[in-house]
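# Working through the structure, step by step
Now for the letters of each chain:
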Amino acid sequence: MALIEMRDVCWGFGDPPLLENVTFRIEKGERVCLVGRNGVGKSSLLKLLDGRILPDRGDIHRRQGVVVAALAQDVPATYDGTIFDVVAEGLGETGRVLAEYRRVERDAETESPSRRLQKHHELQQILNADNGWALSTRVEDILSRTRLDPEMRFSDLSAGLKRRTLFARALACKPDILLLDEPTNHLDIDTIIWMEDFIRRHVTTLLFITHDRIFLKKIATRIMEIDRGRLVSYDCDYPTFLKRKQAALAAEENQNGLFDKKLSREEAWIRKGIRARRTRNEGRVRRLEKMRAAYRDRRRKLGNVRMQVQEADRTGRLVIETRKVSFSYGSTPIFRDFSTVIVRGDKVGIIGPNGVGKTTLLKILLKTMRPETGSVRHGTNLQVVYFDQLRTQLDMQKSVRENIGEGNDFIIFNGQKRHVISHLQDFLFSPERCRTPVHVLSGGEKNRLMLAKLFTRPANVLVLDEPTNDLDAETLELLEELIFEYEGTLLLVSHDRAFLNNVVTRTIVFEGNGQVAEYTGGYDDWLRQRPQPVSKVPEKTTGKKGQARPRARASKKMGYMQQRELEQLPRKIETLESEQKELFAIVSDPMFYKKEKDEILRINSDLARVEADIEKAYLRWEELEERRL
């Protein structure tokens, strides 16, 4: 029996509904990616599965006892407290009591000692009765696995760390099926790679939505697509899915062409009049009525975004030059002595972890911030447009149309007068959607609106700070084509590895400790060119005559003993995880902390050792698997 399934589910406003007669099932062990254009109902389908909304028609079945947990696309503004509190509160009422217990301990000075002791005792009684200490251990374990500091304030975190915290909150429920909506949004490349590795190791069953094509290729075992209300499943990898989808669209276009020709012939026949009304032709008339109804009900494929940059007059050959530029926050260096020359037509990617200073570097390059030392020189005739990842250029309370027209019904585009709604239709906004307030748009629609707003302005320098978040694959590919053909200069900050590979001609990389380096090509080119970690000098052994000779370098090929080790690793990991489970049971007992101090320290030490051994075993398993391949 499937873990979860939908049967003939319909949902959505209007006619036809957003989701129409959707049927599918997910078995244990599947990692399914849900794809489709922005606004087709992908996030709504996830909300239906975890019960946040109910279907208009149809049934959703979950196997008895199945636990479903979800990571939403947006970070809720209502979460407060430490990382531990946010994760614990996701575990229900007992988790909320546990978070409150830790707050009481943490905020001891804000209350009178007697009141604090009373509250402390009350909460402790609840936790003893509801096995709350086991939840505490579970939260600490998942925070350790996701590399999060339990005492950091959630409100102080970067967008990427908030996403990781919410990921930990979902995992803490020990879900049988995990639902992830754009999990890589706002994450840096290192964190995305970490998440890919974590999911492959620890998450058994998964349904996820993503715009990150490399993440999709590495994680998904099956792909489901929503297109015009219907859901189609493809049991294949992503490249095969693209081929099958293209073939299906070609077959559909051919079938529609044949249908339209037949309908045209029948319409010509009916117009002949009297012969069509004879009794012997009534069946043909009824068939024509059915064909007309089928034509009216046909759901047309959503068109593609039509993007075009208003190119300004060309800049001079030199666009930006920096000489020994440095900048620090307090005593922390962001970059030191960075020099570069950007010339007309360069397409430059900027790579680095969240919070390292990529946006700061952009602002210094554009002269909106001053460096501490060094100089920045601009060439002639620079006209810059800037895509801001926080979308601060959009007024969330105004309508889509008002954000573009700014009080006018027309814009000037490449020297021609053009209606605002006509321009917005190029970015897939219907006339009705143009009157919608921006704050109700989906993330993908907001990014499309940002692009529509930017491209109303002439530009010869295009600056894009995380433009790919929430965009569907088709729009991403069109944006790639636009940038490829763009003759101006591009500065791009992105964590989308495929986008970087397809767009940039060189990369500026933050390498830590204030060091910034440049490489030719995109993300994969940087991986090949970057300095490799320096290995230790091989130890020396003594030969027969006392001469020192280097120890032979280990072969990259897998030997017999390594093959045996690989075969035994699954059993070793299973034994370690059983030991871990037993230790968890001990520390989860409310009486555990009444033991002698030395006993508590010994068991906690054993638990930490076992967890470290499990981590090492998994890493060794991956290393040997790669060597075998």
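Residues numbered from 1 in each chain as written. Predicted model: local features only at pLDDT ≥ 70, side-chain atom pairs only at ≥ 80, totals over all residues. Heavy atoms only, no water.

On the surface, Lys261, Lys262, Arg265, Arg286, Arg287 and Lys290 cluster together into a positively charged patch. Elements with a minimum of two residues in the positive patch: helix H9 (238-270) and helix H10 (282-297). Locating Lys262 in the fold gives a position in helix H9. Owing to a relative accessible area of 44%, Lys262 belongs among the partly exposed residues under this scheme. (Patch = residues over 30% accessible without salt bridge, like charges linked within 9 Å, V, L, I, M, F, W, Y side chains within 5 Å. Areas by Shrake-Rupley, 256 points an atom, 1.4 Å probe, with all protein chains shown as cover. Salt bridge = Lys/Arg side-chain N within 4 Å of Asp/Glu carboxyl O. Lys, Arg positive; Asp, Glu negative; His and termini not counted. Charge placed at Lys NZ, Arg CZ, Asp CG, Glu CD. Helix = DSSP H or I, 4+ residues; strand = E, 2+ residues; numbered from the N terminus. Buried < 20%, exposed > 50% of the residue type's maximum accessible area, 1.4 Å probe, protein only.)

Glancing now at the pattern of salt bridges. Scanning the entire structure with this criterion turns up 32 salt bridges. Here Arg230 and Glu20 are joined by a salt bridge, their closest N and O atoms 3.8 Å apart. Here Arg230 is found in strand E9 (residues 230-234), whereas its partner Glu20 is found in strand E2 (residues 19-26), with 210 residues between them in sequence. Given the relative accessible area of 43%, Arg230 is considered partly exposed. Among the residues examined, Glu20 registers a relative accessible area of 18% and is labelled buried. Notably, a salt bridge pairs Arg145 with Asp141, separated by 3.4 Å at the nearest N-O pair. Placement of the pair is Arg145 and Asp141 together in helix H5 (residues 132-145), with a separation of 4 residues, close to one helical turn. By relative accessible area, which is 27% here, Arg145 ends up partly exposed. What you see here is one network of salt bridges that share partners, running through Asp85, Glu89, Glu100 and Arg103.

Spatially, E2-E1-E4 is the arrangement adopted by the 3 strands of the open sheet, whose pairing is antiparallel. Each of the sheet's edge strands pairs with one partner strand only, and the pair in question is E2 and strand E4 (57-62). Strand-to-strand, the axes of this sheet are offset by a mean angle of 10°, without reference to chain direction. Pairing analysis gives 5 bridges linking strand E1 (residues 4-11) to E2, with the strands arranged antiparallel. Residue pairing across strands places Val9 opposite Val22, the latter belonging to E2. (Pairing = 2+ DSSP bridges. Axes fitted to C-alpha atoms, helices over the stretch in contact; angles between N-to-C directions.)

What follows is about the sheet that holds strand E13 (residues 373-378). Adjacent strands of a sheet form backbone hydrogen bonds with each other and so pair up, either parallel or antiparallel. If you trace the 3 strands from one edge of the open sheet to the other, you get E11-E10-E13, paired in antiparallel fashion. Both outer strands of the open sheet, strand E11 (332-343) and E13, are each paired with one neighbouring strand and no more. Here the strands of the sheet are splayed against their neighbours by 15° on average, with no regard to which way each runs. Relative to E11, strand E10 (residues 318-329) runs antiparallel, the two being bridged by 8 bridges. Bridge pairing in E11 links Ser328 to Pro333.

Right, let's talk about the pairing of strand E3 (residues 31-35) for a bit. Here E3 lies mainly inside the structure; 5 of its 5 residues are buried. Burial of the side chains of E3 extends over both faces: Arg31, Cys33 and Val35 are buried on one face and Val32 and Leu34 on the other. In terms of strand pairing, E3 meets strand E7 (residues 206-209) through 3 bridges, oriented parallel. Among the inter-strand pairings, Arg31 is bridged to a residue of E7, identified as Leu206. Of the pairings in the sheet, the one linking E3 to strand E8 (residues 222-227) comprises 4 bridges and is parallel in character. Bridged to Cys33 within E8 is Ile223.

Let's shift gears to the side chain of Ser494. Tracing the chain through its elements places Ser494 in the loop between strand E18 (489-493) and helix H16 (497-503). Reaching out from Ser494, the side chain makes a polar contact with the backbone nitrogen of Asp496 at a distance of 3.0 Å. (Polar contact = N/O pair within 3.5 Å; in protein donor to acceptor, adjacent residues only side chain to side chain.)

So, on to the environment of Ala170. Following the sequence through the fold, Ala170 ends up in helix H6 (residues 159-172). You can call Ala170 buried: its relative accessible area is 4%. Other than its neighbours up to four places away in sequence, Ala170 contacts Ala69, Ala70, Pro175 and Leu178. (Contact = heavy atoms within 4.5 Å.)

Glancing now at unusual backbone geometry. Of note in the backbone geometry, Asp337 takes a positive phi value of approximately 50° without being a glycine. The partly exposed category is assigned to Asp337, whose relative accessible area is 49%. A positive phi angle is found at Leu428, which is not glycine, with a value near 70°. For Leu428, the position within the fold is in the loop between helix H13 (420-425) and helix H14 (443-454).

The next thing to look at is the packing of H6 against helix H7 (residues 189-202). Here H6 crosses H7 at 10°, and the two axes come no closer than 12 Å. For the element pair H6 / H7, the angle class is roughly parallel. Facing H6, whose interface residues are Arg164, Phe167 and Leu171, H7 presents Thr191, Trp194, Met195, Phe198 and Ile199. Classifying every residue of the contact of H6 with H7 by side-chain character gives 6 nonpolar, 1 polar and 1 charged. (Parallel < 35°, antiparallel > 145°, perpendicular 65-115°, else oblique. Nonpolar A, V, L, I, M, F, W, Y, C, P; charged D, E, K, R; others polar.)

With 51 residues, the main nonpolar core has Leu143, Phe167, Leu178 and Ile199 as its most contacted residues. Here this core gets 6 residues from one element, more than from any other, and that element is H6. Sequence-distant contacts of Phe167, that is, excluding residues within four places in its chain, are made with Leu71, Leu178, Leu180, Trp194, Met195, Phe198 and Ile199. One finds Leu441, Leu471, Leu490 and Tyr523 within the second-largest nonpolar core, a separate group that totals 44 residues. (Core = buried A, V, L, I, M, F, W, Y, C linked by side-chain atoms within 4.5 Å.)

Predicted coordinates in regions of low pLDDT should not be interpreted in detail. For the chain, per-residue confidence averages 82 on the pLDDT scale, and residues scoring 70 or more make up 86% of the total. Across the chain, E7 holds the top mean pLDDT of 95, while strand E21 (residues 540-542) sits lowest at 41. Note on residues 534-556: pLDDT under 50 across the span, and 16 contacts to partners over four residues away in sequence or across chains. (pLDDT = per-residue confidence, 0-100.)

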